Structures are given as C-alpha cells and as structure tokens.
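The residues making up each chain are set out below.
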Amino acid sequence: MILFSFDQYASLSGHLRMLPFLQEGVFEVKRYPNGEMHIALSTSVVNQTCVILGGIAPPDEHCMAFMLLAHTLKKEGARSIIAVIPYLAYSRHDKKKPGESLAVAWIGALAKASGIDEVLTVDLHSERDSELFPIPLHSLSPIPLFAERVAVLGLTSAVLVAPDSGAIPRCEALRREARIVSGISTSTTYFMKRRTEYGVEHGGPIGPVGARVLVVDDILDTGETLQLACEKLQAHGAEEIYIMVTHGLFTGDGWRSLWEYGVKGIMCTDSVPRPVAFEDARITILSVGPLVSDALYIRQ
Ligand code: R5P
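Each value, and the rule that gives it
Residues numbered from 1 in each chain as written. Predicted model: local features only at pLDDT ≥ 70, side-chain atom pairs only at ≥ 80, totals over all residues. Heavy atoms only, no water. Helix = DSSP H or I, 4+ residues; strand = E, 2+ residues; numbered from the N terminus. Polar contact = N/O pair within 3.5 Å; in protein donor to acceptor, adjacent residues only side chain to side chain. Contact = heavy atoms within 4.5 Å. Salt bridge = Lys/Arg side-chain N within 4 Å of Asp/Glu carboxyl O. Buried < 20%, exposed > 50% of the residue type's maximum accessible area, 1.4 Å probe, protein only. Pairing = 2+ DSSP bridges. Near = heavy atom within 4 Å. Areas by Shrake-Rupley, 256 points an atom, 1.4 Å probe, with all protein chains shown as cover. Nonpolar A, V, L, I, M, F, W, Y, C, P; charged D, E, K, R; others polar. Axes fitted to C-alpha atoms, helices over the stretch in contact; angles between N-to-C directions.

J.: Run through the side chain of Glu-118, naming residues and quoting values.
T.: Counting through the fold element by element, Glu-118 comes out in strand β7 (residues 118-122). Only 2.9 Å separates the side chain of Glu-118 from the side chain of Arg-299, close enough to count as a polar contact. Here Glu-118 is in contact with Ile-81, Ile-82, Ala-83, Ile-135, Pro-136, His-138 and Arg-299, once residues within four sequence places are set aside.

J.: A description of the pattern of salt bridges should follow, citing residues and the corresponding values.
T.: Throughout the structure, instances matching the rule amount to 15 salt bridges. Ionic pairing is found between Arg-92 and Asp-221, a salt bridge with its closest N-O pair at 2.9 Å. Taken together, the positions of Arg-92 in the loop between β6 (80-84) and α3 (103-113) and Asp-221 in the loop between β13 (212-220) and α7 (224-235) put the pair 129 residues apart, joining distant regions of the chain. The exposure class of Arg-92 is partly exposed, given its relative accessible area of 32%. With its nearest N and O atoms 3.0 Å apart, the salt bridge here joins Lys-95 to Asp-94.

J.: Any details on the pairing of strand β9 (residues 159-162)? Residues and values, ideally.
T.: Of the two faces of β9, the one carrying Val-159 and Val-161 and the one carrying Leu-160 and Ala-162 are both buried. Pairing of β9 with β13, which is carried by three bridges, proceeds in the parallel orientation. Residue Leu-160 lies in a different strand from β13, and its bridge partner there is Leu-214. Of the pairings in the sheet, the one linking β9 to strand β10 (residues 188-190) comprises three bridges and is parallel in character. Following the sheet pairing, Leu-160 is matched in β10 by Thr-188.

J.: Account for the site of the ligand, naming residues and giving values.
T.: In the region of the ligand, 14 residues are neighbours, and Asp-217, Asp-218, Thr-222, Gly-223 and Thr-225 sit closest. Take Lys-193: an N or O atom from its side chain is 3.1 Å from an oxygen atom of the ligand. Contact between the ligand and Thr-222: an oxygen atom at 2.6 Å from a side-chain N or O atom of the residue. Contact with the protein chains removes 90% of the 380 Å² of surface that the ligand exposes when unbound. Secondary structure elements with two or more residues in the shell around the ligand: β11 (193-196), β13 and α7. Per element, the largest residue contribution to the shell around the ligand is four residues, and it comes from β13. Of the residues contributing to the shell around the ligand, the split by class is two nonpolar, four polar and eight charged.

J.: Mind laying out the sheet that holds strand β15 (residues 263-269), listing which residues take part and the relevant values?
T.: The sheet built from six strands is open, its strands ordered β10-β9-β13-β14-β15-β16 with parallel pairing. Two strands lie at the open edges of the sheet, namely β10 and β16 (283-286), each paired on one side alone. Sheet twist, expressed as the average angle between the axes of neighbouring strands with direction ignored, equals 25°. Here strand β14 (residues 240-248) pairs with β15 via four bridges, running parallel. Looking across to β15, one finds that Ile-243 is bridged to Ile-266. Seen against the sheet, helix α5 (residues 143-153) touches β13, β14, β15 and β16 and runs at an angle of roughly 155° to β14.

Here it is as structure tokens:
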C-alpha cells in the first residue's frame, strides 16, 4: 500500500506513516505558466493499492488536485485507489431540491470518473450521502474518541443534547459507548431546528436539562446552531456546557460567542486540518489517526 498525502494533512499522515505496511509515495502538484494544474509523480504505482489522504474543499482547488492525482495514479497502473477524505466537504448538499445543485452526488461522480474505488471519511453527515455516491463510501465513527473524553472529563452525569434531530443518533451512539467506558446513563434531549432565509430557528429543548450538559453534533461551521442551543440550555438551567463535534470548521468569529453561554470546553477531531493551532486550552483536538489506521489495516 502506498500513501499519497496532501500537505494540509501533514500531522495526520505523520500518524499513518508509522503503519509498517504503508510506504510513502512522492508527488508534486505543479502549475503551468498559465496556471493550469498538473501532477508530477515520482513513485511507481504499477499494481499497487494507493491511498490518497487529503481534503476536497475549500478552496475548491483541493478537489481538483485530489481528483487529478487519483486519475494520474490509475493512468500509471495503480490496482486500486482508496481516498481518505476525513471531512467530506459538500456532504451537507444532499437534498434534492428543484433547480438546485446536488453537490455530494457530483463529488461521487467525479471520484468514480477519476478512478477512485472507495472513499473513507469520518462521521458522514447523512445516509443520503452514501445513497447518492456511485462508489462505496465508508464512514468511520468518532464515537470511541468522544467516549474516552467523557471518561477523562468525568462527564458521566451530563445530560446529552442533540442540537437538531439529525444529531440524535450520534448522541445515542455516544450514550451506548460511554456507558461501557464510563457508566453514563442519561437520556438525550434535543432541539428541532429549521433553517430559514434569516438563519437558524430553534424551539426550546425537548427533554430534561441538567446543570452539566454535553452537546454532540457532526459539524461546527459558523457555530450558529450550537449558539442557539447553548443560549436556550443556559436559560433552562445549564451551568456547564461541553461540546463534542467531529468536524470543527470554525468559520468566521461568531462561534466565539459560545463561551458566553456557559460553554466550558469544545472537543473536535483533526478531520479538518488547522493552519495554525488554537491557543485556547478550552479547545481539545482529538486525532482520527487511530480510526483511519485501523480502517487501512483491514484493507491491506
Ligand atoms: C447540520 O445539519 C449540521 O449537523 C450542523 O448542525 C450544521 O452544519 C452546523 O452549522 P453551523 O455551525 O453553521 O450552524
């Protein structure tokens, strides 16, 4: 198995490089003088299983480079290509609406046309995504990583909260796993969320709210969904709020107001690489390295 890793995932690829069955492949993304992209490969891949680790957006040129690399590997004789895309950008674009794009289906079509045989990602946004993909799309669960943190932080008595109905299965999975690790045995409180042209609308929390609350979701993007939830949880008596999200996009600065609503800590994974590390002890980054390593181990 040969690993081709894009620079933005240097830290995660460092973890994978320790796998004895994985060699490192060398390639360069270059530009012609007029700006068009091309790939220069320095590793022979004939009859090999190749793994590409990277992101596909933003910026969109990441997608272009990823797909062009896959196409080049197949052209050069690779037997199969496993794409490891820890955060599958466009996965939220999964609803069929008249007159609107269906970007996740388009990404799937591009991946297939580029010679990718299988995509591994972490905590896929929805089952619709897999249904819209023309090739196998496997989702690695971050729940074991979160369950360990529940134990470390002693959150066994926290009330689990889903900020929208889509997050309920994630909370339930964490409750099951964390019960094994740490004995947590609370019920899931949830919100009904609606996106309107003016932003996110939330009703009140459905279920009990305790003094310690653990909110679980797949994505923290602008933070608006979590902000609305935390504001209401605080109004219902929550004093200490912890957040566990798989993909920390941290777009803009709005999410910083979470600290004003009783949030004591945010935990997310390294599925989205950070150009600069957070200098904030309240934010903990958990590596998905062990999840990806295990997935590759069984595919070698
Ligand atoms: C939506 O369905 C997702 O699960 C997240 O709740 C959402 O994408 C978070 O976005 P934001 O942080 O911008 O509210």
